[in-house]
Amino acid sequence: MKGKAKGINWNYLLSLLISVVLAFLIGAVILAIAGFDPGRAYLAMIDGAFSNARHIGDFLEYAMVLCICGLACVLGSRVGIFNVGGEGQLLLGAIVSCQVGVAMAGMSKLIVIPCAALAAMVTGGLYALIPGVLKVKVKVNEVITTIMLNTIAASFCQFLAKGPWKNANKTMVAATGQLDPRHWFTTLIPNSNLSTAIIVAAFMAFLTWYVMQKTSTGFEMKMTGQNPRFALFSGIKTDKIIILAMLVSGAMCGLVGMFRVYGVEHLYRSSISNQYYFEGLTVAMIAQYNPVTVIFLSFFFAILKIGAQGMELSAGVPNQIYLIIQTIIIFFMAAESGISASIQASAQRKKARAKAEAKQKGGEVHV
């Protein structure tokens, strides 16, 4: 195979590595200008992510959220639709699943958890179905509709949390009722956010990868996204594929909301998601919508974020450095094609120069 494994874009991986290195170098310059020791700051960042079991659990939980949100975005992009509405789908899935748990207080966990998960998936899926159908039937731009639906979902959830589903505790301005502790997900690492939800998330990630890479449905999705007209003439029901992808994408986002409620918060409030879907979307974009790369980058950015929080506590460095590094990586990866073209051009020049030198030497020997 001449050193190149099938399916691996080595130019992209090299560009990503260069982008990460440059981002950290620029971050080091910014830290030095601000009066911090870059080496000490970065060591504190690593220590902040791995110094104890609690931090490890927190970054694994955050990686889980990024991964599932990123894969939900990948599903939409695979069929040529850009689902920006995952945040609203997540919020609706969270509040509906929470209310199901509150309404079923006292019942067996074996009944409540499946019902709450189903409610979250149905709610998120149906909400994602709206822009999917509008895109397919009347060609409405899904970016506009999903952004608008995010605002509607967030406002509607606030209305429910402040109104009909408000917590009886008057000190909680916008929060729903508390879940029965018997219905909480089991915590895997004490005092951390990591719960048994990560087991379900791991299965979801594997299933998503398998469907997209190993099944005929995944092939049909790829064809629909790359060339919808050719796919349609090939007998693929492109409209059905697009709607199905949006439905599943929304269901995954809704389920992430349920994971946050039953694994971390144990009630619904506006802080249930701190723009998690958009961070997952960022991961998906940097990964070029490759499911395997999304999984690995989710761990990388989770380590950065949790490590940055620990860095702030131990070294006094504001954790916003994480956002700076992340943004710089995005900036460089936006120019990934240019970086790859430069690498290829450089390699071709070296190859041409080597051939010319070899030809010249051969001519001299001949003379």
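Preceding block: the structure.
This structure is a prediction, so every number in the text was calculated from the model and none was measured.

**Quick notes on the pattern of salt bridges**
Going through the model one piece at a time under the given rule, you end up with six salt bridges. Residues glutamate 61 and arginine 260 are paired through a salt bridge, measuring 3.2 Å at the closest nitrogen-oxygen approach. Separated by 199 residues along the polypeptide, glutamate 61 in helix α3 (residues 53-78) and arginine 260 in helix α10 (residues 238-265) bring together distant segments of the chain. The buried category is assigned to glutamate 61, whose relative accessible area is 5%. Taking the relative accessible area as the measure of exposure, arginine 260 reaches 4% and is therefore buried. Measuring nitrogen to oxygen at the nearest pair gives 3.3 Å for the salt bridge that ties glutamate 265 to arginine 260. Both residues of the pair, glutamate 265 and arginine 260, count as buried. What emerges from the salt-bridge pattern is a single network uniting Glu61, Arg260, Glu265 and Arg269.

**What to know about the packing of helix α2 (residues 38-50) against helix α12 (residues 291-315)**
At a minimum axis separation of 6 Å, α2 and α12 run at an interaxial angle of 115 degrees. Our classification of the angle between α2 and α12 gives roughly perpendicular. The way α2 lies across α12 gives a crossing that is right-handed. From α2, Arg40, Ala41, Ala44, Met45, Gly48, Ala49 and Phe50 reach across to α12, where they touch Ile303, Leu304, Ile306, Gly307, Ala308, Gly310, Met311, Ser314 and Ala315. Residue composition of the contact of α2 with α12, by class: eleven nonpolar, four polar and one charged.

**Things to note about the nonpolar core**
Ranked by size, the top nonpolar core spans 98 residues in total, and within it Met258, Phe259, Tyr262, Tyr268, Phe301 and Met311 carry the most contacts. The dominant element in this core, judged by the number of residues it contributes, is α3, at 14 residues. Here tyrosine 268 is in contact with Leu91, Ala94, Ile95, Cys98, Cys157, Ala161, Ala174, Ala175 and Thr176, once residues within four sequence places are set aside.

Quick notes on the rules
- Residue positions are given per chain, counted from 1 along the sequence in the order it is written.
- For this predicted model, a pLDDT threshold of at least 70 governs which residues receive local features, and a threshold of 80 or more governs which side-chain atom pairs are given and counted, while totals over whole chains, interfaces and linings are taken from all residues.
- To get the side-chain values, take all heavy atoms of the structure and skip hydrogens and water.
- Only one rule defines a salt bridge in this text: a Lys or Arg side-chain nitrogen within 4 Å of an Asp or Glu carboxyl oxygen.
- Starting at the N terminus, helices and strands are each numbered in turn, a helix being any DSSP run of H or I of at least four residues and a strand any DSSP run of E of at least two.
- Think of it in three bands: with a 1.4 Å probe and only protein chains considered, a residue is buried below 20% of the maximum accessible area for its type, exposed above 50%, and partly exposed in between.
- Structural elements are reduced to axes, namely lines fitted to C-alpha atoms, with helices fitted over the stretch in contact, and the angle between N-to-C directions of any two is expressed from 0 to 180 degrees.
- Oblique is the label for any angle not under 35 degrees, not over 145, and not in the 65 to 115 range, which are roughly parallel, roughly antiparallel and roughly perpendicular in turn.
- Crossings are classed by handedness, with left-handed meaning an anticlockwise turn of the near helix from the far one by less than a right angle and right-handed meaning a clockwise turn.
- Should any heavy atoms of two residues lie within 4.5 Å, those residues are considered in contact.
- Each residue is assigned to one of three groups, with Ala, Val, Leu, Ile, Met, Phe, Trp, Tyr, Cys and Pro labelled nonpolar, Asp, Glu, Lys and Arg labelled charged, and all others, Gly among them, labelled polar.
- Buried residues of nine kinds, namely Ala, Val, Leu, Ile, Met, Phe, Trp, Tyr and Cys, make up a nonpolar core once their side-chain atoms join them within 4.5 Å.

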